[in-house]
Amino acid sequence: MAAKRIARIAALDVLLPALFGGLATLGFAPFGYYGLTLVALVGLLALWWPASARRGAWRGFVFGLAHFGTGIYWTFVSTYYYGGAPLPMAIALVCLLTVYMALYPALVGALAGATRVLPRTLWALLVVPCAWLLAELVRSWVMTGFPWLSLGYSLIDAPVTALAPIGGVYFLGALMVASAGTVVLLFAGSIPARALVVVLIGLAPLGLWYTPPTTEWTQASGAPVSVDVVQGNFAQAVKWDRDVFRTTLERYRAMTEASDADLVVWPEVAIPAPANQVQAYLDDIATLAGERDQTVLAGILVHEASDAPYYNAVLALGAGQGRYYKRHLVPFGEYFPVPEFVKTLLDGVNMRYSDFGFGADDQALIEVDGVKLGLSICFEDAFGYEIAKALPQAGILVNVTNDAWFAGTTAAAQHLEIARMRALEAGRPMLRAANTGISAIIDYDGRLRERTPEFQIAQIESQVQPRSGETPYMRIGDRPLWWASAAVTLLSLLGGLLIARRRKKAGASG
């Protein structure tokens, strides 16, 4: 009996949560099996159904360890191979990040256990989805946010994408949890709950049918712009090698000279040197482009003065003018929000770190052929509110990145998936230039029009149609989701505690 009990506990508290956590990752790029993510959520909610707050927290934590451990393992590559961290420190940092991320489903599990005394229909369709929604919103905000693997991204190719311009990626994620709740109710709920679920399943296709398409929110505006997205393909291991520096300059010049597009986009920090050290080269590119009425967006570092910080920047060269400084920096990558003694420790173990400057929120938009561009650098496109700062003025979105930091992993595909969601939410086409790939042109509805293979020199030349207008999500943002999820979570928790207390008193008096 003891052996059977131990086996049952191991299965319910370790093996099944871990299995479901790993399964959930398969819904994200590059796999794209979003149905498996739904299955994983059904399994997780079924495990939470009978669980106490403590056991629910543990099962959520194990789920999170497996999910994020298989989903963001690639942080080890950037930390160890390119960040210079010693192996034990790199392993420890990745494990700490995974544990931190797993705390969010653990908290949802704790709340699920604390509120299981509420009516089960309410619990499965509203309480748990809102708790998950609040957890993802908080995760996108704490320490400037790390919203990777938010559930809604797995639905980028699902038949619910028309909802993204209305509610955004986090709303899609909450809807997915609610969908899992309907399945659990169908098998474990009361007769009235099952009847309600059948009605909801029947109404769902009608709701999607009558949801306004993306074309309802934004419209084609002006003439198409000829564009050329350039992928120079310099591996991170050699990108900053001085022996490769001249090859880098020559390659980007040659690829630009070969293009007759109105707009040429280079990747993030395409030229591995501060702008003031290669000013003659930049002037040459500006002259080359200007003579052809062409604008080159060049990713590069900018260091304006000896006492000023470095900026991760995009400079407009040629016909267009202006510059963009990255606003949303990567914590523990581009800046270290730690005391000075910790930075001294990092120096002591020969781990490279840097503190970049933050770009202003009110930067002027770069304009090409009368079309304003909404720029973002690297993982800025993981935040819808960063993209919204350029809207509705911008007609085209541009993201430049360098995913070579995570070469050979799933990170580049996941990042492309995130970019597609931003284009869909904004109802704008997006040009995406990545150093080693995946570069792409994304349509306003989130669909991939063209993409490059990874680890190859490549260019994408095309005509891109600017768009005007504003989607509801870009206009309103996540504020209603914050208010609703926080209110439902708080009221549910209070209600659950009151009901549990009354039952305890009634039991004691009986």
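Residues numbered from 1 in each chain as written. Predicted model: local features only at pLDDT ≥ 70, side-chain atom pairs only at ≥ 80, totals over all residues. Heavy atoms only, no water.

Colleague: Even after reading the chapter, I still don't get the overall build of the protein, so can you show me in this structure?
Modeller: From N to C terminus, the protein includes 16 helices and 14 strands. For the protein, the C-alpha radius of gyration of 25 Å lies close to 24 Å, the compact-globule estimate for 510 residues. C-alpha atoms of the protein, sized along the principal axes, occupy 90 × 55 × 35 Å. Taken over 510 residues, the protein has a buried fraction of 53%. Sequence-distant contacts, at least 24 apart, represent 71% of the contacts inside the protein between residues at least 6 apart. Taken as a whole, the protein presents about 21800 Å² of accessible surface, with 64% of it coming from carbon and sulfur. Side-chain charges in the protein split into 38 positive and 39 negative, and the spacing between the mean points of these groups amounts to 19 Å. (Helix = DSSP H or I, 4+ residues; strand = E, 2+ residues; numbered from the N terminus. Rg over C-alpha atoms; globule rule 2.2 N^0.38 Å. Buried < 20%, exposed > 50% of the residue type's maximum accessible area, 1.4 Å probe, protein only. Contact = heavy atoms within 4.5 Å. Areas by Shrake-Rupley, 256 points an atom, 1.4 Å probe, with all protein chains shown as cover. Lys, Arg positive; Asp, Glu negative; His and termini not counted. Charge placed at Lys NZ, Arg CZ, Asp CG, Glu CD.)

Colleague: Mind showing me how you'd approach the side chain of Asn233 here?
Modeller: Mapped onto the fold, Asn233 is located in the loop between strand 2 (225-231) and helix 9 (236-239). Among the residues examined, Asn233 registers a relative accessible area of 19% and is labelled buried. Excluding anything up to four places from it in sequence, Asn233 contacts Arg251, Tyr252, Asn435, Thr436, Phe455, Gln456 and Ile457.

Colleague: I'm lost on the pairing of strand 10 (residues 430-434) in this one. Help?
Modeller: Strand residues, when the strand is regular, have side chains that alternate between the two faces of the sheet. Along strand 10, 5 of the 5 residues are buried, which leaves the element largely enclosed by surrounding structure. Here strand 10 shows no split at all, with Met430, Arg432 and Ala434 on one side and Leu431 and Ala433 on the other all buried. Both strand 9 (residues 396-401) and strand 10 contribute to a ladder of 5 bridges, which runs parallel. Following the sheet pairing, Val400 is matched in strand 10 by Ala433. Between the parallel pair strand 9 and strand 10, the chain is carried across by helix 14 (residues 411-426), and the sense of this crossover is right-handed. The turn joining strand 10 and strand 11 (residues 440-442), which pair antiparallel and follow one another in sequence, is formed by 5 residues; a positive phi near 100° is taken by Gly437. (Pairing = 2+ DSSP bridges. Right-handed = clockwise from strand over helix to strand, strands pointing away.)

Colleague: Help me out: how do you make sense of the layout of surface pockets in this one?
Modeller: A water-sized probe rolled over the atoms picks out the places where empty space is left. In this structure, the second largest pocket occupies an estimated 630 Å³ of space. Forming the walls of the second largest pocket are 22 residues, and the residues nearest its centre are Val160, Leu175, Ser179, Ala204 and Leu208. If you list the elements that add at least two residues to the lining of the second largest pocket, you get helix 2 (34-48), helix 7 (164-188) and helix 8 (191-209). Here the lining of the second largest pocket is composed, by residue class, of 17 nonpolar, 5 polar and no charged. (1 Å grid on protein atoms, 1.4 Å probe; cavity = no way out; pocket = protein on both sides within 12 Å on 5 of 7 lines; lining within 4 Å. Points joined across faces, edges and corners; volume = space filled by probe spheres on them. Nonpolar A, V, L, I, M, F, W, Y, C, P; charged D, E, K, R; others polar.)

Colleague: Just to check I follow, could you spell out the pattern of salt bridges for this structure?
Modeller: Once the charged atoms of two side chains with opposite charge are near each other, the side chains can pair. In the structure shown here, the tally under the stated rule is 13 salt bridges. In this structure, Arg59 engages Asp13 in a salt bridge whose closest nitrogen and oxygen atoms are separated by 2.7 Å. In this pair, Arg59 is assigned in helix 3 (residues 53-71) and Asp13 in helix 1 (residues 2-25), connecting sequence segments 46 residues apart. Note on accessibility: Arg59 and Asp13 belong to one class, buried. In this structure, Asp445 and Arg447 form a salt bridge, with 3.5 Å as the shortest nitrogen-oxygen distance. Exposure remark for Asp445: the relative accessible area of 22% places this residue in the partly exposed category. Through salt bridges with shared partners, a single network forms among Arg327, Asp361, Glu386 and Lys389. (Salt bridge = Lys/Arg side-chain N within 4 Å of Asp/Glu carboxyl O.)

Colleague: What's the story with the pairing of strand 2 in this structure? I'm lost.
Modeller: Taking burial as the measure, the 7 residues of strand 2 include 7 buried ones, the bulk of the element. Of the two faces of strand 2, the one lined by Val225, Val227, Val229 and Gln231 and the one lined by Ser226, Asp228 and Val230 are each fully buried. With 7 bridges joining them, strand 2 and strand 13 (residues 458-464) adopt antiparallel strand pairing. Bridge pairing in strand 13 places Val230 opposite Gln459. Bridging between strand 2 and strand 3 (residues 263-265) involves 3 bridges; their strand directions are parallel. Considered in strand 3, the bridge of Asp228 is made with Val264.

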